Amino acid sequence: MKLFSCSACGARVYFENDICLTCGHSVGFDADALTMAALELAPPGVGLFSKVGIGNGKDAASHVRYCENAAHAACNWLVPDDASSTLCKACACNRTIPNLSEEGRIEAWREVEQAKKRLAYSLLRFGLPLDGGPHKAPPLAFDFLAQGVTGHFNGVVTLDVIEADPVERERRRRLFDEPYRSLLGHLRHESGHYYWMLLVERGGAIEPFRELFGDERQDYQAALAAHYASGAPANWGESYVSAYATSHPWEDWAETWAHYMHMVDAVETAEATGMEPRAAGLLFGAAWPFKKYDVYRQESFDSLMERWVPLSLALNNLSRSLGHRDFYPFVISAGSRAKLAFVHGLVRAGVR
Ligand SMILES: [Zn+2]
Ligand SMILES: [Zn+2]
Ligand SMILES: [Zn+2]
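Residues numbered from 1 in each chain as written. Chains lettered and ligands numbered in written order. Predicted model: local features only at pLDDT ≥ 70, side-chain atom pairs only at ≥ 80, totals over all residues. Heavy atoms only, no water.

> Explanation requested: the sheet that holds strand β9 (residues 141–145) in the structure shown.
Within a beta sheet, neighbouring strands are joined by backbone hydrogen bonds and run either parallel or antiparallel to one another. Taken together, 4 strands build an open sheet; the order of strands is β8-β9-β11-β10 and the sheet is mixed. The open sheet has two edge strands with one neighbour each: β8 (94–96) and β10 (151–153). In this sheet, neighbouring strand axes are inclined to one another by 30° on average, regardless of whether the strands run parallel or antiparallel. Of the pairings in the sheet, the one linking β10 to strand β11 (residues 156–160) comprises 3 bridges and is antiparallel in character. Looking at the pairing, Gly151 lines up with Thr158 of β11. Running over the sheet, helix α2 (residues 105–126) touches β8, β9 and β11 and is turned about 160° from β9. (Pairing = 2+ DSSP bridges. Helix = DSSP H or I, 4+ residues; strand = E, 2+ residues; numbered from the N terminus. Axes fitted to C-alpha atoms, helices over the stretch in contact; angles between N-to-C directions. Contact = heavy atoms within 4.5 Å.)

> What's the story with the environment of Trp257 in this structure? I'm lost.
Considering the arrangement of structural elements, one finds Trp257 in helix α7 (residues 249–273). On the accessibility criterion, Trp257 (1% relative accessible area) is buried. Filtering out sequence-adjacent residues up to four positions away, Trp257 remains in contact with Leu123, Leu128, Arg188, Ser191, Gly192, Tyr195, Leu199, Val343 and Val347. (Buried < 20%, exposed > 50% of the residue type's maximum accessible area, 1.4 Å probe, protein only.)

> Even after reading the chapter, I still don't get the coordination of the zinc ion (ligand 3), so can you show me in this structure?
The protein atoms that coordinate the zinc ion (ligand 3) are His189 (NE2), His193 (NE2) and Glu251 (OE), at distances of 2.0 Å. For the zinc ion (ligand 3), the donor residues sit on a single chain with the sequence spacing H-x3-H-x57-E. Of this pair, His193 sits in helix α4 (residues 183–201) while Glu251 is found in helix α7, placing the two residues 58 residues apart along the sequence. Pair check on accessibility: His193 and Glu251 agree, each one buried. (Donors = N, O, S within 2.8 Å, 3.2 Å for Na, K, Ca; no water.)

> What is the right way to look at the coordination of the zinc ion (ligand 2) in this model?
Octahedral metal centres with six donors ideally show angles of 90 or 180 degrees, and tetrahedral centres with four donors ideally show 109.5 degrees. Distances from the zinc ion (ligand 2) to its protein donors, Cys67 (SG), Cys75 (SG), Cys88 (SG) and Cys91 (SG), fall within 2.2 to 2.3 Å. Seen from the zinc ion (ligand 2), its 4 donor atoms lie at angles of 104 to 113°, and the figure they make is tetrahedral. Of note, the donors binding the zinc ion (ligand 2) are all from one chain and are spaced C-x7-C-x12-C-x2-C. (Tetrahedral: all angles 85-135°; square planar, octahedral: opposite > 155°, others 65-115°.)

If you want it as structure tokens, here you go:
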């Protein structure tokens, strides 16, 4: 993710902030401009704001409000005053939220919302449709349930909000023998199933998909049961990003998709914060100056990998020096690299 600054005073503000701690202006995320905006109450409106220091002409004159979910401190995104919904682009995808009168639910939901906003940021940055796209697929929707089963069905991503509890998440991580488990990881994975439907199934890419990932028509439930009974083949690392990816071609795609999103977003953040080895000129020295480009718009997959590999190694090293487990506990083999390149190609083609 990019770094954001307050459009009123220029100080750093974070994606999750609703106030600038330096100048005291309210701030919110403008999902059309994909940036944070400082706000000033627009008289005489109730909850109506104008953006400070952003845009000109019509944009400067137009008013915004906070998303309805701001009332629960669960969202800091902005909604144009003339929009048909009182929810922001990301919250409009919510079909079900937990019962907020139950103990602990609102805290869990807020964490889930933060992860979902990061997912939504990436999808909007790529320019991927949230509404089903040109092939008239169902819109992307979320059911955030307590004690639901995390998964995807026909456009609806279900997430068990219990996953927001770090103890429970760690218990499950160990139970399923996973190197990594996070809310954002879950959401990226499940969104992969949704975009499989859009980009592969309806995007006319089923044959090349099957060549790389295998035939998805095999019995899904039986495949998962077999995976949980006997685990992944010993040599899974040669062609899969994770052990779970071996369970079924759909899961392989969703795992690969999630990794692709991790990569792109982490490279953007590293570049923005000036801590990317390649951007800092550490890899090739000053003789080969690094040319900045928008990773969310980059056509060449190879150049993305050239940035991701040194970055992930540096992150792991940094993690270890602080006494943590590896930041990115995965190795990208030639087999998974080809699958990542396939995901990249479909994303590029899908937004072109
Ligand atoms: Zn400020
Ligand atoms: Zn919202
Ligand atoms: Zn899945």
